[in-house]
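# Geometric and topological summary
Residue-level listing of the chains:
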Number of protein chains: 2
Amino acid sequence: MKPQESIADKVARKLPKKLRLIRVARGEEKADVVFKNATYLNVFSNDFCHGDIAVADGLIAGVGQYSGHTEIDVSGRFIAPGLIDAHIHLESSLVSPAEFARAVVRHGTTTVITDPHEIANVMGVEGIRYMLQATEGLPIDVHFMLPSCVPATPLDESGYSLDYTAIDPLYDHPRVLGLAEMMNYVGIVNGDADVVRKILASQAHHKKIDGHAPELSGADLNAYIAAGVYSDHECSSCQNALEKLRLGQFIMIREGTAAKNLRALLPLLNQQYYARCMFATDDKHPLDLLEGGHIDHIIREAIACGVDPVIAIKVASHHAARYFLMNNKGAIAPGYLADIVVFDNFRSFQIEQVYKRGRCVYADGEVLPFEAPAIDPLLAQQAHDTFHLAPVTADRLKAGELPVIGLVPGEIITQNCGRADAVRPENDILKIAVVERHHNTGHIGLGYLKGYGLKRGAVATSIAHDSHNIIAVGASDADLAAAINRISALRGGIVVVENGAVVAELPLPVAGLMSDAPLEEVNDLLESAKAAAHAMGVPPAVDPFMTLSFVSLPVIPALKITTQGVFDVEQWKYL
Amino acid sequence: MKPQESIADKVARKLPKKLRLIRVARGEEKADVVFKNATYLNVFSNDFCHGDIAVADGLIAGVGQYSGHTEIDVSGRFIAPGLIDAHIHLESSLVSPAEFARAVVRHGTTTVITDPHEIANVMGVEGIRYMLQATEGLPIDVHFMLPSCVPATPLDESGYSLDYTAIDPLYDHPRVLGLAEMMNYVGIVNGDADVVRKILASQAHHKKIDGHAPELSGADLNAYIAAGVYSDHECSSCQNALEKLRLGQFIMIREGTAAKNLRALLPLLNQQYYARCMFATDDKHPLDLLEGGHIDHIIREAIACGVDPVIAIKVASHHAARYFLMNNKGAIAPGYLADIVVFDNFRSFQIEQVYKRGRCVYADGEVLPFEAPAIDPLLAQQAHDTFHLAPVTADRLKAGELPVIGLVPGEIITQNCGRADAVRPENDILKIAVVERHHNTGHIGLGYLKGYGLKRGAVATSIAHDSHNIIAVGASDADLAAAINRISALRGGIVVVENGAVVAELPLPVAGLMSDAPLEEVNDLLESAKAAAHAMGVPPAVDPFMTLSFVSLPVIPALKITTQGVFDVEQWKYL
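Our subject in this report is the structure included herewith. (Residues numbered from 1 in each chain as written. Chains lettered and ligands numbered in written order. Predicted model: local features only at pLDDT ≥ 70, side-chain atom pairs only at ≥ 80, totals over all residues. Heavy atoms only, no water.)

## Quick word on the overall build of chain A
This is how it is decided: What counts as a helix is a DSSP run of H or I of at least four residues, what counts as a strand is a run of E of at least two, and both are numbered from the N terminus. We take the radius of gyration over the C-alpha atoms and set the globule estimate at 2.2 Å times the residue count to the 0.38 power. A simple rule labels every residue: compare its accessible area, found with a 1.4 Å probe on the protein chains alone, to the largest value its type can have, and call it buried under 20%, exposed over 50%, or partly exposed in between. The contact criterion used is simple: two residues touch if any of their non-hydrogen atoms lie within 4.5 Å. Residue-level accessible areas treat just the shown protein chains as cover; the underlying method is Shrake-Rupley with a 1.4 Å probe. The charge count includes Lys and Arg as positive and Asp and Glu as negative, but it does not include His or the ends of the chains. Here the site of a charge means atom NZ of a Lys, CZ of an Arg, CG of an Asp or CD of a Glu.
Looking only at helices and strands, one finds 18 helices and 28 strands in chain A. Here the C-alpha radius of gyration of chain A, 25 Å, is about what a compact globule of 575 residues would show, namely 25 Å. When its C-alpha atoms are laid out on the principal axes, chain A stretches across 80 × 50 × 50 Å. Residue burial in chain A is summarised as follows: out of 575 residues, 63% are buried. Here the analysis covers contacts within chain A between residues at least 6 apart in sequence; of these, 67% occur between residues at least 24 apart. Total accessible area on chain A stands at roughly 19,600 Å², and carbon and sulfur atoms take up 51% of it. Averaged over its 49 positive side-chain charges, chain A has a centre that lies 4 Å from the centre of its 68 negative ones.

## Quick notes on helix H16 (residues 477–490) of chain A
Residues and elements named next belong to chain A. For clarity, the cut-off: Expected helix span is taken as 1.5 Å per residue step, with the number of steps being one fewer than the number of residues.
Between its terminal C-alpha atoms H16 stretches 20 Å, which fits the 20 Å expected from 14 residues at 1.5 Å a residue. Buried within H16 we find Asp-479, Leu-480, Ala-481, Ala-483, Ile-484, Ile-487, Ser-488 and Leu-490. On its buried face, H16 is in contact with strand S20 (429–435), strand S22 (458–461), strand S23 (470–474), strand S24 (493–498) and strand S25 (501–507). Once H16 finishes, Arg-491 follows within two positions and takes phi at roughly 60°, a positive value.

## What to know about the pattern of salt bridges
In plain terms, the rule: The salt bridge definition used is simple: a Lys or Arg side-chain nitrogen within 4 Å of an Asp or Glu carboxyl oxygen.
Considering all chains together, one arrives at 70 salt bridges over all chains under this definition. Put simply, Lys284(A) and Asp288(A) hold a salt bridge, and the shortest N to O gap is 3.0 Å. The residue Arg129(B) makes a salt bridge to Glu126(B) at a minimum N-O spacing of 2.7 Å. Taken as a pair, Arg129(B) and Glu126(B) lie in helix H4 (residues 125–134) at a separation of three residues, close to a single helical turn.

## Details of the interface of chain B and chain A
Put simply, the rule reads: Summed over both partners, the accessible area lost on bringing two parts together, with a 1.4 Å probe, is the buried area. Counting of polar contacts relies on pairs of N or O atoms within 3.5 Å, with two restrictions inside protein: one atom must be capable of donating a hydrogen and the other of accepting it, and residues adjacent in sequence are counted only when both atoms are side-chain atoms. Residue type decides the class: Asp, Glu, Lys and Arg count as charged, Ala, Val, Leu, Ile, Met, Phe, Trp, Tyr, Cys and Pro as nonpolar, and the leftover types, Gly among them, as polar.
Taken together, the contacts link 63 residues of chain B with 62 residues of chain A. Across the chain B/chain A interface, buried area totals approximately 5,200 Å², and carbon plus sulfur atoms make up 59% of it. A per-residue breakdown of the area chain B buries against chain A is headed by Arg26(B), Phe44(B) and Arg246(B), which together make up 12% of the total. Joining chain B to chain A, the criterion identifies four salt bridges. Between chain B and chain A we count 22 residue pairs in polar contact (both at pLDDT 80 or more) in total. Elements that contribute at least two residues to the side of chain B that touches chain A include exactly helix H1 (7–26), strand S2 (47–56), strand S3 (59–64), helix H6 (185–189), helix H7 (193–204), helix H8 (218–226), helix H9 (238–246) and helix H14 (318–323) of chain B. For the side of chain B that touches chain A, a count of residues per class yields 35 nonpolar, 16 polar and 12 charged.

## Remarks on the pairing of S23(A)
Residue and element names in this part refer to chain A. This is how the line gets drawn: Strand pairing is defined by DSSP finding a minimum of two bridges between the two strands.
Of all five residues making up S23, five are buried, and the element is well covered by its neighbours. Burial along S23 is two-sided: the residues Ile-470, Ala-472 and Gly-474 and Ile-471 and Val-473 are all buried. By the bridge criterion, five bridges tie S20 to S23 in an arrangement that is antiparallel. The residue of S23 that forms the bridge with Lys-431 is Gly-474.

## Details of the packing of aromatic side chains
Stated precisely, the cut-off is as follows: Between the rings of Phe, Tyr and Trp (Trp by its six-membered ring), a pair exists once the centres lie within 6.5 Å; its type follows the angle of the planes, with under 30 degrees stacked, over 60 edge-to-face, and the other angles tilted. Criterion for a charge above a ring: Arg CZ or Lys NZ at most 6 Å from the ring centre, at most 35 degrees from the ring normal.
One pass over the structure, following the stated rule, counts 26 aromatic pairs over all chains. Seen from their ring centres, Phe35(B) and Tyr355(B) are 4.7 Å apart, and the 80° between their planes marks the pair as edge-to-face. On the criterion of sequence distance, the pair formed by Phe35(B) in strand S1 (residues 31–42) and Tyr355(B) in strand S15 (residues 351–356) is long-range, its members being 320 residues apart. For the pair Phe35(B) and Tyr355(B), a shared accessibility class is recorded, and that class is buried. Lying over the aromatic face of Phe250(A), Arg276(A) brings its terminal NZ or CZ to 3.7 Å of the ring centre.

## Side note on unusual backbone geometry
Note that the residue after Val150(A), namely Pro151(A), is joined by a cis bond; omega there is 0°. Tracing the chain through its elements places Pro151(A) in the loop between strand S8 (141–146) and helix H5 (164–167). Looking along the chain, the bond that leaves Pro557(B) and enters Ala558(B) is cis, with omega of 0°. Along the polypeptide, Ala558(B) turns up in the loop between helix H18 (546–550) and strand S26 (559–562). We note that Asn440(A) has phi near 50°; this positive angle belongs to a residue other than glycine. In this structure, Asn440(A) sits in the loop between S20 and strand S21 (444–450). Here His468(A), not a glycine, exhibits a phi torsion of approximately 55°, which is positive. Its place among the elements puts His468(A) in the loop between S22 and S23. We classify His468(A) as buried; its relative accessible area is 0%.

## Quick word on the sheet that holds strand S11 (residues 231–232) of chain A
Residues and elements named next belong to chain A. Taken in spatial order, the three strands of this open sheet run S11-S12-S13, and their pairing is parallel. Each edge of the sheet is formed by a strand with only one pairing partner; in this case those strands are S11 and strand S13 (277–280). When strand S12 (residues 250–254) meets S13, the two strands line up parallel, connected through four bridges. Residue pairing for S13: Ile-253 is matched across the bridge by Phe-279.

## Comments concerning the relation of the copies chain B and chain A
The second copy of the chain is related to the first by a rotation about an axis and a shift along the axis. The following threshold applies: A residue counts toward the fit only if its pLDDT is at least 70 in both copies, and the copies are then superposed by least squares on the C-alpha atoms of those residues.
Superposing chain B onto chain A requires a rotation of 180° together with a translation of 0.0 Å along the rotation axis, leaving an RMSD of 0.1 Å. Between the two chains, the operation in question is that of a two-fold axis. Relative to the rotation axis, the closest C-alpha in chain B is found at Gln271(B), a distance of 3.9 Å. Of the residues that chain B buries at the interface, 98% are likewise interface residues in chain A, meaning the two copies contact each other through the same surface.

## Section: the nonpolar core
Our working definition: To form a nonpolar core, buried Ala, Val, Leu, Ile, Met, Phe, Trp, Tyr and Cys residues must be joined to one another through side-chain atoms within 4.5 Å.
Tyr452(A), Leu269(B) and Tyr452(B) are the most contacted members of the largest nonpolar core, which has 344 residues in total. With residues near it in sequence (within four places) discarded, Tyr452(A) still touches Leu407(A), Asp428(A), Leu430(A), Val459(A), Val473(A), Gly537(A), Val538(A), Pro539(A), Val542(A), Pro544(A) and Leu548(A).

## Concerning the packing of helix H8 (residues 218–227) of chain A against H1(B)
Which entries qualify depends on this criterion: Lines fitted to the C-alpha atoms define the axes, with helices restricted to the stretch that makes contact. Angles between their N-to-C directions range from 0 to 180 degrees. Orientation is classified from the angle alone, with under 35 degrees giving roughly parallel, over 145 giving roughly antiparallel, 65 to 115 giving roughly perpendicular, and any other angle giving oblique. Note on convention: the crossing is left-handed when the near helix lies turned anticlockwise from the far helix by less than a right angle, right-handed when the turn is clockwise.
Packing of H8(A) against H1(B) leaves a shortest axis separation of 7 Å and a crossing angle of 160°. Regarding the angle of H8(A) to H1(B), the classification is roughly antiparallel. Our pair here, H8(A) against H1(B), has a crossing hand that is right-handed. Packed against H8(A), whose contacting residues are Ala219(A), Asp220(A), Asn222(A), Ala223(A), Ala226(A) and Ala227(A), the element H1(B) presents Lys18(B), Leu21(B), Ile22(B), Ala25(B) and Arg26(B) at the interface. Here the contact of H8(A) with H1(B) is composed, by residue class, of seven nonpolar, one polar and three charged.

Shown next as structure tokens:
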């Protein structure tokens, strides 16, 4: 382990670079790179400024008249600071952080703040460490908020349970910025000491605490904010967002693959409120990453809806930097990181070039090649070995009368559809199972599912929020067992089985959540698997896997299923 | 020495208070204090909100409907967060920090950021420690920036010389926020390693660095900012302020006793720029403290000049809190300190009540009594024993031909008025002496002064920027010696002597800079001394002591005097 660097050593180490920065700023020495004739958004004066932007050792040295070893003429173009995604779970992309970076850097993203909530539920602190290693030295900076809710609920059988002491040793990591979305707002407002301690610990480290409290309001919201939760990204109504903003929370306007709140929150994007707003995606799925863009997409949408481009770009960069105390990001000015985006104009807002610390990472439609970070072999092995369960036989999945969970198209809430005593695909009654896979407990929760439409075979996935056990649905116990066992054999993934044979599959061997393959390949396999599931009867309005992934999240009404069986969220009891 | 508290201990210590805050916010438990029917400035939504403000253990628990053990009806009044002076040298008030606090708290000031530059030049690190102890537990919070330029120039014979290692052990103090105004901008832009190291050390501690660079511009300004100087309070023109703002510096709009920049910088106080602005006074002299107000005065002036009151109040509170990363100050919202100002209306902006951490500190025209902090006896003794010089005889002040420094009324710059060979009061030629008083070196710098007007006697002061030796001016060597020796006997102060006898004096026994007496008494003595000096010939346009205090500052053109004699600032050499 590296010993902590003394202040004296740090001062000595940084001196030569600082002295060079001063000489370059003064024009006594040539810059490494100069963006000549730049028209850039000045986030301080809220207008556009002109000049040459000089870069030395990755930092902006000055803006004015400069010459450099490399000179890039950017006349006729516009420059903005690199874009920032204030809150995402990288695992949602199903690919490695390196693949994610390759996908988003072309969209002008130079920094994301991730919450490794999913992998932490599987691997605990080692999962967070894995993501820290997997994000080292990428062409985007990946900062971390430490997962606050592992497991998400006391009902969950996750891989690990993390209290404040478990995550405490990670706060010193230079890329850790605080405590991630505190979903357990019920625990906070009820004064659950174990939950409140997590906030106190982050505050003791002088770090941020993000929130997650959909529609929380009034006295409970006061209590949640007084406890120390500084932001929220779960605002789907402007009224709720404004109440939170007035009480001091920063609002992360979320526009991702699953949840889209930009339109509802457009009234925040004006002079009166925008200083307290950022953009976030929360999740980005493979197809959306390939086709939809990232933060640049949100800017385009906002501008198309009439938002002042200066406001949109500041919300997309400067404000997240300020909130997270990343004081060298989010602006084009001396001393800031040369994280620079070159774009065409304000109507189409197409990113043409991207520079990270002054180094070109995207130009002419191509992301420049970079090496994926190395991961400790032992840690990599651990991440690829997270399935600990015995093979499941069809016999173990036999069931008599059980509750029926009814899907609601396009929603993650479900309905209570009474009870059933057998699978009846012709009546859209399928069997659903959640199989504990972390500690080989043999726990299997069983129930019935309505609205999924499968006519034959079975589907299974190891992405099952938030504990990521194996969730499977099928028309026969034999195919159900085959799908579950195939997931286990793959060490994670998504599979579609018919008559005992795999007809489509996407291996996700990293903690059962992510692939090691390129994004395009992952997307192709995922789309093929979706097509296979649809071909077997899943209606077009239902995403075969994402829908399934949320049926195991026992905080969303009405019925959900865990390794213990079907749970009634409204009555807060197993049925 | 107190051992550093572990995170676990800190979490445990803070838990009960946090749980109570949550209960009070939720309305499950009565608040300590509730401000009923409050109309308060919401610095987040930039409008006025209404509700009851509940306080528990000094923190705002919630805003809504609350009841408390004490309820204060504030209907018909307005509430704002406590006001903040972003930069001051407390020593300039000539009184103890407790007396200063007593004077400003009635004006709604709840926080000041001080730079103990003057006392550090006399006492070194012990001077900073003295001020830290003297500001503990006052009804205002006093935060510190560590002096960056002790001595101010290599020409100075100050009490101490502080490099980055000397001040480093103070960064861990919870009230130290960074490195104070980096006046040595010449050293920075020339890459003087000793100077740049001071910035690197503050950055290594994740602290702020304030600037001081009048009219610095262009490539030099880029270099200064790239080095890591985040703010400036020396903007006297809007053009210079805008250049600094555009390059990323926060602008402290200074309006104090000596320098007044508000009117010149009014164009910054609008939607486009105000987010990067704060208010500061830099210095506040006794009479101004008693009669002129403090930050509230700047707000009144700004509003009278047409500035939006919301903008004026945010610049006076919220923005300084954000800049200095005091995240629990500058807003009325859950989790923030209950530093609250009650005022009448936006035209007169008269402060009626002030609350610090929810406790009333000013109401009904009276500051509530408080105890002045205790100082370590040894440290107090050191502070009262900073004059180390042998008595000066009139013989030691004899001089032949020497340069003549010419005062310019109302300015701190001077003129070169040639040479003289003797004192001639009838021609307004007086003798001026700077007597080294820290290390008994016996160094005495001599010269002549024109424009001071004294007809007889002598005047001396131990406030002599920035090294605070004894500076004296007189019509006779005997009176000069008497004035100097009286200063020494008093262990600091201001004296007026005629025919060997003291006709007026203000003792300043704390480091030769501050009194232990009440502000009113200090002001009376100071005004009497001024009157005595004026009666002896000093013209009304010349402040007899403040003018003298700056004649020893060898960075301001044209001629200045140090313990080594008269110095030509433009030629940078002794004459």
